[in-house]
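Residue-level structure breakdown
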Amino acid sequence: MRLLPVMFYLISYSNVLTYANEPIQTFVIPHSHMDVGWVYTIQESMHAYAANVYTSVTEELSKDKNRRFIAVEQEFFRLWWDDVASVSQKKQVRPWHNSWKCQYTVLQLVKEGRLEFVLGGQVMPDEAVTDIDDLLLQMTEGHGFIFQTFGVRPRFSWGVDPFGASAATPVLFALSGFHAHLVSRVDYDLKDAMQKTKKLQFVWRGSASLQEQQQIFTHTMDQFSYCTPSYLPFSNRSGFYWNGVAMFPDPPKDGVYPNMSLPVTKQTLHAYASTMADNIKQRAGWFRTNHVLWPWGCDKQFYNSSVQFANMDPLMDYINQNSKDFGVTVQYATLSEYFQAVHNSQLVWDVRDSEDFLPYSTDSHQAWTGFYASRNILKGVARRASAQLHAAETLFTLYRINYPDGPVAKDWALAKLRALRWAVSEVQHHDGITGTESPKVADMYLQHLTRAMMGGKELLAAIFLLPHNIDIFSSHKKADAHQALERHLIVYNPLAWNISTVVNVTANFPCASVFDESRQPVPTQIQRSAASNVTYDLFILAELGGLQHRKYLMKFSEKPCPWRPKCGGAFEARAVPFERRSVRDWRKVGRRLLPVLSDCYKLMIDQDTNLLHSITHLQDKRRVRVTQDFWEYRANGDVKAGPISDNYIFSANASAVRAYEAVRMEIIPGEIVTEIRQYFYRKESDEDYVFSIVTRVPECFGSKVRCHGLEQTYSLGPLAVNAEVVLRTGSSLKSGRTLYTDDNGYQMMKRTRKEFANNTIARNYFPMVRTAYIEDGLSRLVLVGDRAHGVSSQVGGQLEVMLHRRLWNNLPWNLGYNLTLNDSSVVRPTLRMMLASKGVASKIYQREAVELQHRPVVVSIDLPQMHWTEKAHEGSRRASAVVLPPNLHLLTLSIPGWNYSVHSGENAQPEPDYDRVLLRIMHLFEEGEDPELSKPVTINLKDVLWGMGEVSAIEERSLTGTWDVGSLQRWTWKTADGKAGKKKSRRRFGDDPFSVTISAKEIRTFFVSFDSRNL
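Remember, it's a predicted structure, so these values are computed and weren't measured experimentally. (Residues numbered from 1 in each chain as written. Predicted model: local features only at pLDDT ≥ 70, side-chain atom pairs only at ≥ 80, totals over all residues. Heavy atoms only, no water.)

Overview of the state of the cysteines
Here, disulfide denotes a covalent bond that connects the sulfur atoms of two cysteines. Counted under the stated rule, the structure contains 2 disulfides. Paired by a disulfide, Cys227 and Cys298 hold their sulfur atoms 1.9 Å apart. Between Cys227 and Cys298 the sulfur-sulfur dihedral comes to about 60°; the bridge is accordingly right-handed. With Cys227 in the loop between strand 8 (216–220) and helix 8 (269–284) and Cys298 in the loop between strand 9 (291–296) and helix 9 (305–321), the pair connects residues that are 71 residues apart, well separated along the chain. For Cys227, a relative accessible area of 14% translates into the label buried. (Disulfide = S-S within 2.5 Å. Helix = DSSP H or I, 4+ residues; strand = E, 2+ residues; numbered from the N terminus. Buried < 20%, exposed > 50% of the residue type's maximum accessible area, 1.4 Å probe, protein only.)

Comments concerning the sheet that holds strand 42 (residues 888–894)
Sheet architecture is open: 4 strands sit in the order 42-43-48-45, paired in antiparallel fashion. Strand pairing shows two members of the sheet lacking a second neighbour, strand 42 and strand 45 (951–957), which therefore form its edges. Across the sheet, the axes of successive neighbouring strands diverge by a mean angle of 25°, strand direction being ignored. (Pairing = 2+ DSSP bridges. Axes fitted to C-alpha atoms, helices over the stretch in contact; angles between N-to-C directions.)

Comments concerning the pattern of salt bridges
Overall, the coordinates contain 60 salt bridges when judged by the stated rule. The shortest N-O distance in the salt bridge between Asp313 and Arg67 comes to 2.5 Å. You can see Asp313 sitting in helix 9 and its partner Arg67 sitting in the loop between helix 1 (42–63) and strand 2 (69–71), a full 246 residues away along the chain. Across the pair, exposure class does not vary: Asp313 and Arg67 are buried alike. Between Arg185 and Asp161 there is a salt bridge whose closest N-O contact spans 2.8 Å. Residue Arg185 is located in the loop between strand 6 (180–183) and helix 7 (188–196), and its partner Asp161 is located in the loop between helix 5 (132–150) and helix 6 (168–175); the two are separated by 24 residues in the primary sequence. One connected set of salt bridges, linked through shared partners, spans Asp537, Arg664, Glu666, Glu675, Arg677 and Arg696. (Salt bridge = Lys/Arg side-chain N within 4 Å of Asp/Glu carboxyl O.)

Things to note about the packing of helix 1 against helix 9
Relative placement of two packed helices is described by the angle separating their axes and the distance separating the axes. In contact at an axis separation of 8 Å, helix 1 and helix 9 are set at 40° when each is read in the N-to-C sense. It follows that helix 1 is oblique to helix 9 by the angle criterion. Mapping the contact onto sequence places Val53, Ser56, Val57, Glu60 and Leu61 in helix 1 and Ser305, Ser306 and Phe309 in helix 9. Class assignment for the residues of the contact of helix 1 with helix 9 results in 4 nonpolar, 3 polar and 1 charged. (Parallel < 35°, antiparallel > 145°, perpendicular 65-115°, else oblique. Contact = heavy atoms within 4.5 Å. Nonpolar A, V, L, I, M, F, W, Y, C, P; charged D, E, K, R; others polar.)

Some remarks on the environment of Ile526
Along the chain, Ile526 falls in strand 18 (residues 524–528). Separated by 46 residues in the primary sequence, Ile526 and Glu572 have C-alpha atoms spaced 5.1 Å apart. When neighbours within four sequence positions are excluded, Ile526 is seen to be in contact with Ala507, Phe509, Pro510, Cys511, Ala512, Tyr536, Asp537, Leu538, Ala570, Phe571, Glu572 and Ala573.

With respect to helix 7
Taken as a whole, helix 7 has its buried residues at Lys191, Met194 and Gln195. End-on view of helix 7: buried residues confined to an arc of 100°, all on one side of the axis. Contacts made by the buried residues of helix 7 are with strand 7 (201–204) and strand 8. Two residues or fewer past helix 7, Lys198 is found with a positive phi of approximately 55°. (Arc of directions from axis to C-beta.)

And the structure:
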């Protein structure tokens, strides 16, 4: 995490109002902020300090019942629990030798509330560029482990370091059963205003549709954030950190760390007490109650808890003994104890609606909007790994239900899934997916992801092949050199919708024929690949039922078959080249327009520029001017010359400039898709292009393929140093300078451009996790992406998406930690562009975003002359499609494996539960967004899931699965509008126990049991 670049000063407050002159009640919360990544790898951190945190903390908590500690990031705790914690620490209790006292185990400390799990996810995730799928995953994994191991559930969040706060996360925490939410990093000027008006605490209704149903009390940390004050007026060392600063790579053998604070002695006791009391009173002036949350800790602290508590114990005793003089009392506390005191105050709180705290700035020149686009490759790999995990989870669930005794070993399969869950979860860390980590940590994330994805592919292949009796090992014949090479393809749809789509397979031969299971030819197209001169793109038209797969036989050859209708040969598309056009010759444009047609659009390409000119949405017959090209911001790298850009920060010192001097184009007309390839050259004389756009226009007239999404894949790089490259999509829409972007793929946020004294461009950038759009009174222009980006609308009718950054600067802090983002990679992100009337666009854009994220899974079996058979295992059946209504999305279908029936450490390693299916369904639409699709939907889960097996029971659960919603009780908070957070009735309709109603933006979570004949 990055330390706040603002210096704080202690001020002695003598006129702070208190409750009837009572001392301020201070809750000292010991904690250690442990980044799952950032500068050091996880392995380095575990060795240098993280393992010692929990070893020493549990030992010190055992010595005094008044001591407390909160544990946050579960990845480090689980690594410690599995690999470091002793057997005795995991038992109930063990006696100390020669003593009447006892050494408390972790279980006892947790049960007594002295060690408290807060947040409870695998990591403290970023909130700007994380997707809802991955936020839920890492929470579910962490909460499942905690509940299975200790029988407790986190009830409070601790989001102290994410770079801004999303409005979606408080909704997710409320759905998980949390009582209160805590954030820290909000815009510096907003936090200052909130402090002055004592509005740092409020009730947050993060969802415009759910409103008070899922509201949550929220505490914003003051300007000191999650660290204790580092300035001591009587010492040049950091304050209240008696264990000093962690050392890498190895802890010091003598136990003496750098910058250890002066010990608490008779000589320093009063000075420490005065400094602490003054800071407490300063903080109390910013809050409404007589209770102060005083976080004791910071980054990498409490690895030597003995010296920490040995100094703080006498300090707190001294303050309490002189509480009348100091005006404060102090006590060790957990987060629940603090929030319980605030809740007991029974005050009436202001309401914050569905606004978020994005973007985030620490001063007028430091907008933390650069990380929205940092490390584009890591963002893309993380999202692909997440999509593969979703597909593998659904497929394994289907397999377990239909083949409970099948040849794919359940323990082996769950191990593959858990490895992929772990890798996807850890990269959601707020210095992971953000791209703000050092290069070696980025490499670590990529290594963990790719290794886990290899295991995921092995699992997918095993599930597809082994239960279907396709004898690929003994029944294939020796390949005939004169015969065409054959490959078998399995295509799986991981969504609970029927889809018609185009699948792209890389081929090594110029000619191909494709057949379905009935040996009928399938519409296909083959052409030279845009990514390579030695491979070909084979496009296959595929129609797939929800959660179903189909098999195809592909035959390749060097020569085309003589008669396509008979042999099913693919249409061979060939490129039509166009002359390279120089920007300096763009004196007259728009004279030679070339149309490209689809069922939805007529695109006009300007042959004078080789750029897009306009798009006509054929249903509305409205023509909109649309242009697309690349621009770049040239960053400053010298701190002496002005503000810099780095991993975190985007500082636009001037307007963007055009990033190219010439454009070449070729068009490949096809029967499945028509491709428009545009190549951009940095210099007019360059032989190699530096940017490209490949636009695929569906040409499937009369088919069921959705034609609204114009899929575009970009290539960028290597960039020049200190370049930040954006894709500008300009249009004639009269959108003002307002755009809409999504919070975590859950809900759309309205973003109206604001003017600032400094850095207006950068402070008007927003995260685009999945979607961004602009609109006027008639039309909407939408972009959905396969990974997170930064997006802005600097002028009316324009969407500006930052796709890639390469930076270097001489800031000593960045150089010391290797955080300059000298990213020389070539990146290839994908966006889908849609243009339609507002009514049409509102119906389709969310589904387009989901379908882009969860493309069909393609498994290729590269064995020649493989025997093709449709014989299945005896007694098995071909599963029917699982199809939800168009406004409902199957968010999760998995077998978590956590044993939710084992509580309180009764069995330290219970057997995984392979029979409990976790199901989440989300309503995609906001209330009032669409006249029909926004309405509540009633479905019968027994009927919907019939294609999987016979449902015998359902049980509604909290979002992460640890609560039965019937027993879940959350605190209510009084609000200024008098609307209490009432629990919505989950009553099912009529006497049918399987019928449920899902309203706008609801996420409903269930445990589903299937008939024993299936399991």
